[in-house]
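Residue-level listing of the chains:
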Amino acid sequence: MIPRHLVIAMAILVAAALGLSTYAWHMRKSVIRVPAAAVDTRPLGPPITGPVERVVLFVAHDEDGTLRPESAQIPMPSGRQQRAEELLQALLSIYLDKTSPHVLGPGAEVRSVFLVDPGAAVIDLNSAFADKHRSGALVEELTVASLIHTVSANTQGLLKVKILVDGKERDTLAGHADLSSYYDVAAVNQLATELQPGQ
């Protein structure tokens, strides 16, 4: 005859084993259902070096259709072109944040900024920036004004800006904002002033 306490212990062990195997089976199903996160395979650029400077970024706010100046401190390289790129990277980091006042599609980025003398700049966006941008006259206008006014307010001598997508011309950003020709910086700056709160 098997002692009663051994029978109880065996029953508890069998129940625990069944419970653990059920839990493991459930967890395995949960893991299979979770999609694998996308891996960012873009090469990392060298870290930005340079003194930290206070700059002004012009941030679009969708809820009231305004463009608001926001002060930021970011490391700024010495080259004009690299400085312009860092300004727009800082601006995009605001837009890609989950609390953004002006949401851009995931994966949106500024590929590069070219400063061409005399007084011209070319902003090259990636396809995710344009393809995932919300369509609408105001949201597209806010995006374009934000990019151009941020660069021109922090870069002397800019007269006109061209926006490309993946290095190529595109008719519109997302159906409304015209990207087919150069933007006149003075006109965009005037629009940006009108879009600021209280104007």
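A brief report on the enclosed structure follows. (Residues numbered from 1 in each chain as written. Predicted model: local features only at pLDDT ≥ 70, side-chain atom pairs only at ≥ 80, totals over all residues. Heavy atoms only, no water.)

### Section: the overall build of the protein chain
If you tally the helices and strands in the protein chain, you get five helices and six strands. Helices and strands appear in the protein chain in the N-to-C order α-β-β-α-β-β-α-α-β-β-α. Across the 199 residues in the protein chain, those meeting the buried criterion constitute 38%. Looking at the protein chain alone, contacts between residues at least 24 apart form 61% of all its contacts between residues at least 6 apart. (Helix = DSSP H or I, 4+ residues; strand = E, 2+ residues; numbered from the N terminus. Buried < 20%, exposed > 50% of the residue type's maximum accessible area, 1.4 Å probe, protein only. Contact = heavy atoms within 4.5 Å.)

### Points about the pairing of strand 5 (residues 160-165)
Burial runs high along strand 5: five of the six residues are buried. Across six bridges, the pairing between strand 4 (residues 120-125) and strand 5 is parallel. Its bridge partner being in strand 5, alanine 120 is matched across the sheet by lysine 160. Of the pairings in the sheet, the one linking strand 5 to strand 6 (residues 183-184) comprises two bridges and is antiparallel in character. (Pairing = 2+ DSSP bridges.)

### Looking at helix 4 (residues 137-154)
End to end, helix 4 covers 26 Å across 18 residues, agreeing with the expected 26 Å (1.5 Å per residue, within 8%). Within helix 4, 13 of the 18 residues are buried, which leaves it mostly tucked inside the rest of the structure. (Expected span 1.5 Å × (residues − 1).)

### Concerning the packing of helix 2 (residues 80-95) against helix 4
Following both chains from N to C, one finds helix 2 and helix 4 inclined at 140 degrees, their axes separated by 10 Å at the closest point. In terms of orientation, helix 2 and helix 4 fall into the oblique class. In this structure, the crossing between helix 2 and helix 4 has a hand that is right-handed. Contact residues: Ala84, Leu87, Leu88, Leu91, Leu92 and Tyr95 in helix 2; Ser146, Leu147, Thr150, Val151 and Asn154 in helix 4. In the contact of helix 2 with helix 4, the residues fall into eight nonpolar, three polar and no charged. (Axes fitted to C-alpha atoms, helices over the stretch in contact; angles between N-to-C directions. Parallel < 35°, antiparallel > 145°, perpendicular 65-115°, else oblique. Left-handed = near helix turned anticlockwise from the far one by under 90°. Nonpolar A, V, L, I, M, F, W, Y, C, P; charged D, E, K, R; others polar.)

### Let's talk about the sheet that holds strand 6
If you walk across this open sheet you meet the four strands as 3-4-5-6, and the pairing is mixed. Each of the sheet's edge strands pairs with one partner strand only, and the pair in question is strand 3 (110-116) and strand 6.

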